[in-house]
Amino acid sequence: MIAEDFGLRTGYIDDTVFKIASRVESNKTLFDIIQNALDLTLQNQKYMYVMYDDFGKISLKGLDEMRLNLLIDEETGENYDYESSIDDNTYNRVKLTYDNENTKRREVYIAQDSSNINTWGVLQYFDTIQKGENGQAKANALLSLYNHKTRKLSIKNAFGDNRVRAGSMVVVLMNLGDVKIKNLMLVEKCKHEYKESQHLMTFTLRGCEFNS
């Protein structure tokens with residue numbers, strides 16, 4: 001609808017299936033409006049969609065469609081930086097509220113992981129929900145999404161592959177000390193560098209659940 005209204009070219013647009021309740025987006029950029037919709041979809045469905053520029057066409061694909069048959073291992077990623085943290089987008093307690101105008105009462109929905117609360121302390125995510133949203137289902141989905149350590153892996157000067165872009169999924173097989181990664185990871189940022197006959201790339205990978 002946005003593309004048609006503003007005369008934007010589109011490529012492949014995946015059907016996210018999730019229906020978002022009517023909402024007002026005042027004084028927002030088109031990008032922010034779309035990002036809000038994708039955030040709501042991720043929070044409620046625990047599934048991420050990637051919007052990107054495909055040679056001048058706006059495209060939208062689910063992560064399953066962004067997988068590449070590319071392996072990053074300890075040889076490929078010899079020059080790397082790794083960090084794990086609970087300080088960024090990690091929550092073990094989710095609290096959502098809804099002010100019901102009909103009953104004049106505030107409805108509260110909570111989902112939490114007592115085991116991780118005992119380990120990390122309370123890391124609470126708080127938000128309000130809109131009419132028509134399933135509060136408990138959304139709280140459960142958010143807990144499942146955020147109740148993990150955030151792990152970030154930066155690979156420097158790997159052999160280049162033109163298919164790799166932000167939003168791609170690559171296979172990572174590496175022993176990083178506190179965790180052995182044998183899983184798909186999301187490319188968060190990617191920079192390609194071309195020098196005569198050499199093609200290198202530096203990129204940041206992000207993921208949460210790995211084999212430890």
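Presented here is an overview of the structure given in this document. Throughout, a residue's number is its position along its own chain's written sequence, starting from 1. Only residues with pLDDT of at least 70 get local features here, since the model is predicted, and only at 80 or more are side-chain atom pairs given and counted; chain-wide, interface and lining totals rely on the full set of residues. As a convention, hydrogens and water are excluded, and side-chain values are obtained from all of the structure's heavy atoms.

Focus: the packing of aromatic side chains
Next, step 1: Pairing of aromatic side chains requires ring centres within 6.5 Å, counting the rings of Phe and Tyr and the six-membered ring of Trp. Pairs whose planes differ by under 30 degrees are stacked, by over 60 edge-to-face, and all others tilted. With the rule as written, the count across this model stands at four aromatic pairs.
Next, step 2: Relative to Tyr-49, the ring of Tyr-47 lies with its centre 5.1 Å away and its plane at 80 degrees, an arrangement referred to as edge-to-face.
Next, step 3: A simple rule labels every residue: compare its accessible area, found with a 1.4 Å probe on the protein chains alone, to the largest value its type can have, and call it buried under 20%, exposed over 50%, or partly exposed in between. A relative accessible area of 24% places Tyr-47 in the partly exposed class.
Next, step 4: Residue Tyr-49 is classed as buried on the basis of its relative accessible area, which comes to 13%.
Next, step 5: Look at Tyr-91 and Tyr-146: their rings are 5.6 Å apart centre to centre, the planes differ by 85 degrees, and that puts the pair in the edge-to-face class. Remark: Tyr-146 occurs in helix H4 (residues 135-146) and Tyr-91 occurs in the loop between strand E5 (80-85) and strand E6 (93-100); sequence separation between them is 55 residues.
Next, step 6: Take Tyr-146: its relative accessible area is 16%, and that puts it in the buried class. Numbering of helices and strands runs from the N terminus; a helix is a DSSP stretch of H or I covering at least four residues, while a strand is a stretch of E covering at least two.

Let's talk about the pattern of salt bridges
Two side chains bearing opposite charge may form a pair once their charged atoms approach each other closely.
Next, step 1: Any Lys or Arg side-chain nitrogen found within 4 Å of a carboxyl oxygen on Asp or Glu counts as a salt bridge. Counted according to the given criterion, the structure contains 11 salt bridges.
Next, step 2: Between Arg-206 and Asp-88 there is a salt bridge, and its shortest N-O distance comes to 3.9 Å. Pair noted here: Arg-206 is in strand E12 (residues 198-207) and Asp-88 is in the loop between E5 and E6, with a separation of 118 residues, a long-range link.
Next, step 3: A single salt-bridge network, built from bridges that share partners, covers Asp-88, Lys-152, Glu-188 and Arg-206.

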